[in-house]
Structure formats: structure tokens, C-alpha cells
Amino acid sequence: MIVNSATFRDFRNLRDETIGFSPSVNVLWGMNAQGKSNILEGIWYFARGRSFRGAHDRDMIRNGAPAAAVSVSVGREGNQYPVVLGAELYHTGKKRLTRSGAPLSSVSEMIGNLRAVLFCPAHLSVVSGGPAERRSFLDVAIAQLDPGYIADLSLYRAALAHRSALLKKHAAGGTVTTEEWEVWADRMSDAGARIAECRAKYVEKLSRFVSAFFEEMTEGRETPSVSYRSHLLPQDGEEFTVDRGRAALFEKLTTNVERESAAGATLWGVHKDDVRLTLDGNDARLFASQGQQRSFALAMKLSEGEISRELSGEYPVFLLDDVFSELDASRRRYIMDRLSGRQIIVTSCEPSVVPDGSGTARFIEIEGGRVKRQSSEK
Ligand SMILES: Nc1ncnc2c1ncn2[C@@H]1O[C@H](COP(=O)(O)OP(=O)(O)OP(=O)(O)O)[C@@H](O)[C@H]1O
Ligand SMILES: [Mg+2]
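Residues numbered from 1 in each chain as written. Chains lettered and ligands numbered in written order. Predicted model: local features only at pLDDT ≥ 70, side-chain atom pairs only at ≥ 80, totals over all residues.

Considerations on the overall build of the protein
Then, number 1: Counting secondary structure elements, the protein contains eleven helices and 15 strands.
Then, number 2: Computed over C-alpha atoms, the radius of gyration of the protein comes to 22 Å, within 12% of the 21 Å expected from 2.2 N^0.38 for 378 residues, which places it in the range of a compact globule.
Then, number 3: With respect to the principal axes defined by its C-alpha atoms, the protein has extents near 70 × 55 × 40 Å.
Then, number 4: Long-range pairs, those at least 24 residues apart, make up 70% of the contacts in the protein between residues at least 6 apart in sequence. (Helix = DSSP H or I, 4+ residues; strand = E, 2+ residues; numbered from the N terminus. Rg over C-alpha atoms; globule rule 2.2 N^0.38 Å. Contact = placed C-beta atoms within 7 Å.)

Written out as C-alpha cells, the structure reads:
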């Protein structure tokens, strides 16, 4: 997939700007606080349906403006005409999403039309942070490839919320019938087992690619492993199946109600999943150096791109926010070589972060929310 261009109106500090991109390397460069990350945030909005900084839609409307509008023209292999995705954001929280002019009814309908892999310094937390960060990595990656996954996540979350309310009611002395417990346990187990299946399959692929990247990047000096941890996986060495996962969770949720009531939370399920990352056998979160953690996180992101291509036939767009400034020259070189042939949009304070010989790069200087100039040279 290629982002041909992006248009911004009253989006963050971008008043009215259209930026054309090259199908290979694009470097958005300029001083701090000029709007480089804002551009990536606008493009990413279509991949994820929300800001990568955790901002509300209304925060992205330019201060003092009534609404923001962003659109991207996306080219796909084998398609003669690009797809134009549009988003208008309003202060009320309302938004209008469109695909080639036709309204889209929901964010989940939009997701998948532009697949992108985003990497920014905060993503180091996929290695250094808690399980929630790794679940989120999986969810964002899988959702772009499988719309059914988003639907299952919503079903699961709704059932989990309902069950939490029942646990509270029970803890407060209210009556909850066996049938009620079973209905919600059943819904959680049903969606949960499908989620676990997607995650297990995804992690299997991830593990394969991460090993290969690490092997190359460290010339075989460091050996990573990536494995999926879930209450739904059989403990007895049996192979995971959706039916087994569903039965395992249903059993947990129907036999531990007293304990869960006392804890005030559902203690079993895919909302507790984790991905265990190790380096040479040690937990990467606790033992790996800063540089090793960064390499691990990058290997996971590069792998995400490979899996996306394996499953969809096309590479996603790589959005790299301030990533190169933290890497030494040999790792920059490695990343650029590894990403050759894909579209990359990278931000940096200096155009020189991109190593020489990185194909036909386009350098786009950003100043005060505007494109100051574009050139094919640094
Ligand atoms: N809703 C908004 N309205 C107007 N300006 C905004 C809004 N939100 C953010 N900004 C401004 O956008 C500017 C640029 O932000 P951005 O994060 O894109 O900078 P950057 O070029 O990536 O800088 P750095 O190199 O420091 O990462 C900031 O000065 C910020 O105050
Ligand atoms: Mg920035």
C-alpha cells in the first residue's frame, strides 16, 4: 500500500496543507514542534481510527477552529484508482468518515483500508511495559488484518463489563442466578476463544520473524523468543483449539465466582493475556539493556509488516516517528536496507538521519505546520 498524498485542514497546527509522498522513503524533517508528528498522526488515524498519542478526536482540531478534516489517497497494488479516505472531526465528538466520498458507518468499517505499521519512541513499552502494552500491540496489528477480530473484541469487552457488574451486585449481597452467570461466561468464552486463536496464530508468526530479524541484526549473537500466554491455552501440553479454549474459560468463569467477587474483577480471560519476550532465555523486560529492548521492539514492528504482507499480499506503510535519531549508524543502515521496496514516512529533526544510498528518498521540510520545501536531496 502507498499513501500518495495527505490533505489536512485545521488538523493540529496544519491549517490547509496537501503533502505528496514518494512510494519509497519520505523524510519529514524540521525543528521541534513544527508539525512532523502531527502529519503521521493524521495518516495513522485511518489505520487505527484514533490518535497514536491517546488524544481525543477533539484535541486534534486546530485551536480555535470548528472542525478538522484529514484525507489520504491510498494506492493499492493492482488497483488502477486510489481509494480516498476522509475524516472530519467535530468538537461534539461527532465525526464523519468517508471512503471515496461514500460515508462509512463506523471506525471498524474504515480499518483495513489503509494498513500501516507505526513506530515511535513510546513503543519501546511493548518490551519494557506491562502485559497491556503487548496485548495492545497484538490487537492493533490483528485488527488491521481481520475485521472479525474487532467485532470479537467488542463482544468480549461488553460481556466482561456486564460480568463485572454482576460480580459487584453479588459482592453487595444481590442475587445473581446460575443462568445469569452462565450466559455471560458463555459469551466471554465464545468471543475469548476466537480472540485467543487469532492471537496464538499471530504470535507464532511473530516469533518466526522476530527470530530471523534478530539473527540478522545482531549477527546471531542474541537469541530472542516470543510466546503467547493465556488462560485459554491448555496447561497439559495439548494443542490449543477454539473449543478447548472456550471450555477452559467457561469452566474458570463458572467455578470461581466467590473468589472473583471478593477481588471485584474477572480474574480469567483474554484480558489477562500476555506475550512473553525473552532474550537468551531471560525476560527481556527485566534483563535486556536499553539498546536490546529497542532492537526487540523494532524487530516486532518489522515483523508486523512482514506478517501483514504475508496475509494480505501487500506491504503496509511504515510510519516511523523519531526512530532513527536513537539508533546508531549500523542499525539505521540495517533498517533502511530491510525496508527497501516499502513506503516509509519518517520524521526527524535532521534530514541526515537517513543513510546515503537509501533509494529515491523525498525530503520534506516542515515549518510552522506548512511544507517549506520538498526535494530529492538532503
Ligand atoms: N489542536 C491543536 N491546535 C493547534 N496546534 C496544535 C494542536 N495540537 C498540537 N499543536 C501544536 O502542534 C505543534 C507541532 O507538534 P508536533 O508534535 O507535530 O511537532 P514535531 O514537528 O513532531 O516536533 P518534534 O521534533 O519535537 O517531535 C506543537 O507546537 C503543538 O503545540
Ligand atoms: Mg515529533
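Right, picking up where we left off after that structure.
Side note on unusual backbone geometry
Then, number 1: Although it is not a glycine, Ala33 sits at a positive phi angle of roughly 60°.
Then, number 2: Along the chain, Ala33 turns up in the loop between β3 (25-29) and α1 (36-48).
Then, number 3: Although it is not a glycine, Glu219 sits at a positive phi angle of roughly 50°.
Then, number 4: Among the structural elements, Glu219 can be located in the loop between α6 (178-217) and β9 (224-229).

A closer look at the sheet that holds strand β7 (residues 102-104)
Then, number 1: The strand order across the open sheet formed by six strands is β2-β1-β4-β5-β6-β7, and the pairing between neighbours is antiparallel. In this open sheet, the two strands that pair with only one neighbour each are β2 (14-20) and β7. Looking at each pair of strands side by side, their axes are set apart by 20° on average, direction ignored.
Then, number 2: Bridge analysis of strand β4 (residues 67-75) against strand β5 (residues 83-90) gives eight bridges, and the strand direction is antiparallel. Paired with Val70 across the bridge in β5 is Ala87.
Then, number 3: Sheet contacts for α1: β1 (2-11), β2, β4 and β5; angle to β1, the most-contacted strand, approximately 110°. (Pairing = 2+ DSSP bridges. Axes fitted to C-alpha atoms, helices over the stretch in contact; angles between N-to-C directions.)

Brief notes about the domain arrangement of the protein
Then, number 1: Taken domain by domain, the protein consists of domain 1 (1-115 + 314-378) and domain 2 (123-311).
Then, number 2: Each of domain 1 and domain 2 was reduced to a C-alpha centroid, and the two centroids are 29 Å apart.
Then, number 3: Listed as interface residues are 15 residues of domain 1 and, on the opposing side, twelve residues of domain 2.
Then, number 4: Those elements that provide at least two residues to the side of domain 1 that touches domain 2 are α1 and α11 (329-338). (Domains from an automatic or database assignment.)

Observations regarding the nonpolar core
Then, number 1: Grouped together as the largest cluster of nonpolar side chains are 106 residues, with contacts concentrated most on Ile43 and Leu319.
Then, number 2: Among the elements that take part in this core, α6 stands out by supplying 15 residues, more than any other.
Then, number 3: When residues of this core are assigned to domains, at least three map to each of domain 1 (1-115 + 314-378) and domain 2 (123-311).
Then, number 4: In this structure Leu319 touches Leu40, Ile43, Trp44, Ala116, Leu118 and Ile345, once residues within four positions along its chain are discounted. (Core = buried A, V, L, I, M, F, W, Y, C linked by C-beta atoms within 7 Å. Buried ≥ 20, exposed ≤ 12 C-beta atoms within 10 Å, placed from the backbone.)

Some remarks on the packing of α6 against helix α10 (residues 290-312)
Then, number 1: For the pair α6 and α10, interaxial distance at closest approach is 8 Å and the crossing angle is 125°. When the axis of α6 is compared with that of α10, the two are oblique. Where α6 crosses over α10, the handedness of that crossing is right-handed. Together, Tyr202, Lys205, Leu206, Phe209, Val210, Phe213, Phe214 and Met217 of α6 and Ser295, Ala299, Met300, Leu302, Ser303, Glu306 and Ile307 of α10 make up the contact between the two elements.
Then, number 2: Of the residues belonging to the contact of α6 with α10, the class tally is eleven nonpolar, two polar and two charged. (Parallel < 35°, antiparallel > 145°, perpendicular 65-115°, else oblique. Left-handed = near helix turned anticlockwise from the far one by under 90°. Nonpolar A, V, L, I, M, F, W, Y, C, P; charged D, E, K, R; others polar.)

Overview of the sheet that holds strand β12 (residues 317-321)
Paired through backbone hydrogen bonds, the strands of a sheet run either parallel or antiparallel to each other.
Then, number 1: Reading across from one edge, β8-β12-β13-β3-β14-β15 is the order of the six strands in this open sheet, with mixed pairing throughout. Sheet topology places β8 (116-119) and β15 (370-375) at the edges, where each strand pairs with a single neighbour. For this sheet, the mean inter-axis angle between neighbouring strands, taken without regard to orientation, is 20°.
Then, number 2: Across four bridges, the pairing between β3 and strand β14 (residues 362-367) is parallel. Looking at β14, one finds that Leu28 is bridged to Ile364.
Then, number 3: Those strands touched by α10 are β8 and β12, and its axis lies near 170° from that of β8.

What about the environment of Asp283?
Then, number 1: Mapped onto the fold, Asp283 is located in strand β11 (residues 282-283).
Then, number 2: A residue is classified by how many C-beta atoms lie within 10 Å of it, and Asp283, with 11 of them, is exposed.
Then, number 3: Residues Asp283 and Ser375, 92 residues apart in the sequence, show an inter-C-alpha distance of 45 Å.

Describing helix α4 (residues 131-145)
Because each turn of an α-helix spans 3.6 residues, side chains separated by three or four positions in sequence point in the same direction.
Then, number 1: With 15 residues, α4 should reach 21 Å at 1.5 Å per residue; the first-to-last C-alpha distance of 22 Å fits that figure.
Then, number 2: By the burial criterion, the buried members of α4 are Arg134, Phe137, Leu138, Ala141, Ile142, Ala143 and Gln144.
Then, number 3: Among the structural elements, α1, α3 (125-128), α5 (147-171), α6, β10 (274-279) and α10 are those in contact with the buried residues of α4. (Expected span 1.5 Å × (residues − 1).)

Overview of the pairing of β5
Then, number 1: Strand direction decides the pairing type here: β5 and strand β6 (residues 95-99), joined by five bridges, are antiparallel. Bridge assignment links Gly86 to a residue of β6, and that residue is Thr98.
Then, number 2: Connecting β5 to the next strand, β6, in antiparallel fashion are four residues, including Gly93 with a positive phi near 100°.

Overview of the site of ligand 1
Then, number 1: Contacts to ligand 1 come from 18 residues, most closely from Asn32, Ala33, Lys36, Ser37 and Asn38.
Then, number 2: The leading source of residues in the shell around ligand 1 is α1, at three residues.
Then, number 3: Broken down by class, the residue content of the shell around ligand 1 amounts to four nonpolar, nine polar and five charged. (Near = placed C-beta within 6 Å.)

Comments concerning the environment of Tyr45
Then, number 1: Relative to the elements of secondary structure, Tyr45 occurs in helix α1.
Then, number 2: Taking C-alpha positions, Tyr45 is 9.8 Å from Ser71, a pair spaced 26 residues apart along the chain.
Then, number 3: Apart from the residues lying within four places of it in its own chain, the contact partners of Tyr45 are Arg50, Ser51, Val70 and Ala87.

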